[in-house]
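# Geometric and topological summary
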Amino acid sequence: MKKIDRNIDVPLHIQLTKIIKAMIETKELVEGTYIMPERELCKLQEVSRMTVNKAILNLVNEGVLERRQGKGTFVAYKKQKHKFQNLKGFTEVMGEKNLSVKNKILKFEIKTQNKCIREKLNISNEDELIFEIKRLRIIDGDPFALETVYIPQEMCPDLNAKLVEENSLYTLFKERYNYKTKKAVQTVEPIILNKVDAQSLNQQINSLALKFDRVVYTQEDEVLEYTISIFTSDKHQYQIVLTD
């Protein structure tokens, strides 16, 4: 590691930040590499703990490094960017990037739902049956997203867990049930992962994630599905393109 130069008029923590960045750019430190403990960096660079901590914190905030609870600091993985531009399913979007998607069904039930879910589906009858499907989306072997999907049973009467596990829902909507989708209304918000979701996604508890709420409408303006998706944010970025 290059040493800090005390003869130039650049703050020590800025110099250390640039040194670590340069090591990453030149592949001296690669993605997933463990960064030596702060006390060792202090000794090596002959600087205070505060200087090292400030440099590390800057790099963590920039997404260059990541801290893993109880394990230390590591070079962050370069995030893959996923663009959501047209009304397509998750499997279709990932397929365009030549990524292999698998589904693990965690729950498949047909039951009545609470008022909040019924309102999202534009259902007034509290006795109407609704599919509730919770599945883990896996990309190239890594847990990527948790989805909970709600679909009125009358929209897809013979839907079953095997169909959902082996097919894209959008393919089923189009080819099996002959629905044409018109639009989707989607909201996005950052969340903190609870214990259960963190375990499913192979993340640390209290890690940051993104929650997508999406309501999809048919050409006849019927609500086809309401989906809550929780996406990991440690290795991925999400781009939503808005057009007039």
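Located above this text is the structure these notes cover.
Attention in this report is confined to the structure presented alongside it. Here, residues in each chain are numbered from 1, in the same order as that chain's written sequence. Where local features are concerned, this predicted model is filtered to residues with pLDDT of at least 70; where side-chain atom pairs are given and counted, the filter is 80 or more; whole-chain, interface and lining totals use all residues. Note: side-chain values were computed over all heavy atoms of the structure, leaving out hydrogens and water.

## Structural notes on helix α3 (residues 49-61)
Taking 1.5 Å per residue as the helical rise, α3 with its 13 residues ought to reach 18 Å, and the 18 Å between its terminal C-alpha atoms agrees with that figure. Should any heavy atoms of two residues lie within 4.5 Å, those residues are counted as being in contact. Numbering of helices and strands runs from the N terminus; a helix is a DSSP stretch of H or I covering at least four residues, while a strand is a stretch of E covering at least two. Structurally, α3 contributes buried residues whose contacts are with α1 (12-25), α2 (38-45), β2 (65-68) and β3 (72-75). Glycine 63 occupies a position one or two residues after α3 and carries a positive phi of about 85°. Here a helix's expected span is defined as the number of its residues, less one, multiplied by 1.5 Å.

## Thoughts on the sheet that holds β3
Pairing is antiparallel across the open sheet formed by 3 strands, whose spatial order is β1-β3-β2. Since the sheet does not close on itself, it has two edges, and those belong to β1 (34-35) and β2, each with one partner. Note: β1 against β3, 2 bridges, orientation antiparallel. From the neighbouring strand, tyrosine 34 faces β3, where its bridge partner is phenylalanine 74. Across the sheet, α3 touches β2 and β3, and the angle it forms with β2 is around 105°. In this scheme, strands are said to pair when DSSP sees at least two bridges between them. Whenever a helix is involved, its axis is fitted only over the stretch in contact; in every case the axis is a line through C-alpha atoms, and angles between N-to-C directions fall within 0 to 180 degrees.

## A few points about the sheet that holds strand β5 (residues 101-111)
Sheets are built from strands paired through backbone hydrogen bonds, the pairs being either parallel or antiparallel. With antiparallel pairing, 6 strands are arranged side by side in an open sheet as β5-β6-β7-β10-β9-β8. What marks the edges here is a single partner per strand, and that holds for β5 and β8 (181-192). The average undirected angle you get between the axes of adjacent strands in this sheet is 15°. Here strand β7 (residues 142-152) pairs with strand β10 (residues 223-232) via 6 bridges, running antiparallel. Each residue of the ladder has a partner; that of valine 149, found in β10, is threonine 227.

## A word on the pairing of β10
Of all 10 residues in β10, 10 are buried, a share of seventy percent or more. When strand β9 (residues 208-218) meets β10, the two strands line up antiparallel, connected through 9 bridges. Paired with aspartate 213 across the bridge in β10 is isoleucine 228. Only protein chains enter the accessibility calculation, which uses a 1.4 Å probe; a residue is then buried when its area is under 20% of its type maximum, exposed when over 50%, and partly exposed in between.

## Focus: the side chain of serine 207
Summarising the element assignment, serine 207 is placed in the loop between α8 (195-200) and β9. The class of serine 207 is buried, set by a relative accessible area of 17%. Each residue touching serine 207, except ones within four places of it in the same chain, is listed here: Ile191, Ile192 and Leu193.

## With respect to the packing of aromatic side chains
Note on aromatic pairs: each is described by the distance of the centres and the angle between the planes. Each pair of aromatic rings taken from Phe, Tyr and Trp, with Trp reduced to its six-membered ring, is defined by centres within 6.5 Å and is described as stacked if the planes are under 30 degrees apart, edge-to-face if over 60, and tilted in the remaining cases. Per the stated rule, a full pass over the model turns up 6 aromatic pairs. Members of the aromatic cluster, each reached through a chain of ring pairs, are Phe144, Phe212 and Phe231. Criterion for a charge above a ring: Lys NZ or Arg CZ within 6 Å of the ring centre, and within 35 degrees of the ring normal. Its end group placed over the ring of phenylalanine 74, arginine 68 keeps NZ or CZ at 4.1 Å from the ring centre. The ring of tyrosine 217 has lysine 183 lying over it, and the distance from NZ or CZ to the ring centre is 5.0 Å.

## Some thoughts on the pattern of salt bridges
Definition used for salt bridges: Asp or Glu carboxyl oxygen within 4 Å of a side-chain nitrogen of Lys or Arg. Enumeration over the complete set of coordinates arrives at 14 salt bridges. Put simply, glutamate 132 and lysine 111 hold a salt bridge, and the shortest N to O gap is 3.4 Å. Of this pair, glutamate 132 sits in strand β6 (residues 130-139) while lysine 111 sits in strand β5, and the two are 21 residues apart along the sequence. Where aspartate 158 meets arginine 176, a salt bridge forms, and the shortest distance between an N and an O atom there is 2.8 Å. Separated by 18 residues along the polypeptide, aspartate 158 in the loop between β7 and α6 (161-166) and arginine 176 in helix α7 (residues 169-176) bring together distant segments of the chain.

## What to know about the side chain of aspartate 197
Here aspartate 197 is to be found in helix α8. Here aspartate 197 is in contact with Lys134, Leu146 and Ile230, once residues within four sequence places are set aside.

## Overview of the packing of α1 against α3
One can describe the packing of α1 onto α3 by two numbers: an axis separation of 8 Å at closest approach and a directional angle of 50°. In terms of their interaxial angle, α1 and α3 are classed as oblique. Between α1 and α3 lies a crossing of right-handed hand. When α1 is examined against α3, the residues Leu12, His13, Leu16, Thr17, Ile20 and Lys21 are found in contact with a partner set consisting of Thr51, Val52, Lys54, Ala55, Ile56, Asn58 and Leu59. For the contact of α1 with α3, a count of residues per class yields 7 nonpolar, 4 polar and 2 charged. Roughly parallel means an angle under 35 degrees; roughly antiparallel, over 145; roughly perpendicular, 65 to 115; everything else is oblique. In this scheme the handedness of a crossing depends on how the near helix is turned from the far one: anticlockwise by less than a right angle means left-handed, clockwise means right-handed. Think of it as three bins: nonpolar holds Ala, Val, Leu, Ile, Met, Phe, Trp, Tyr, Cys and Pro, charged holds Asp, Glu, Lys and Arg, and polar takes everything else, Gly as well.

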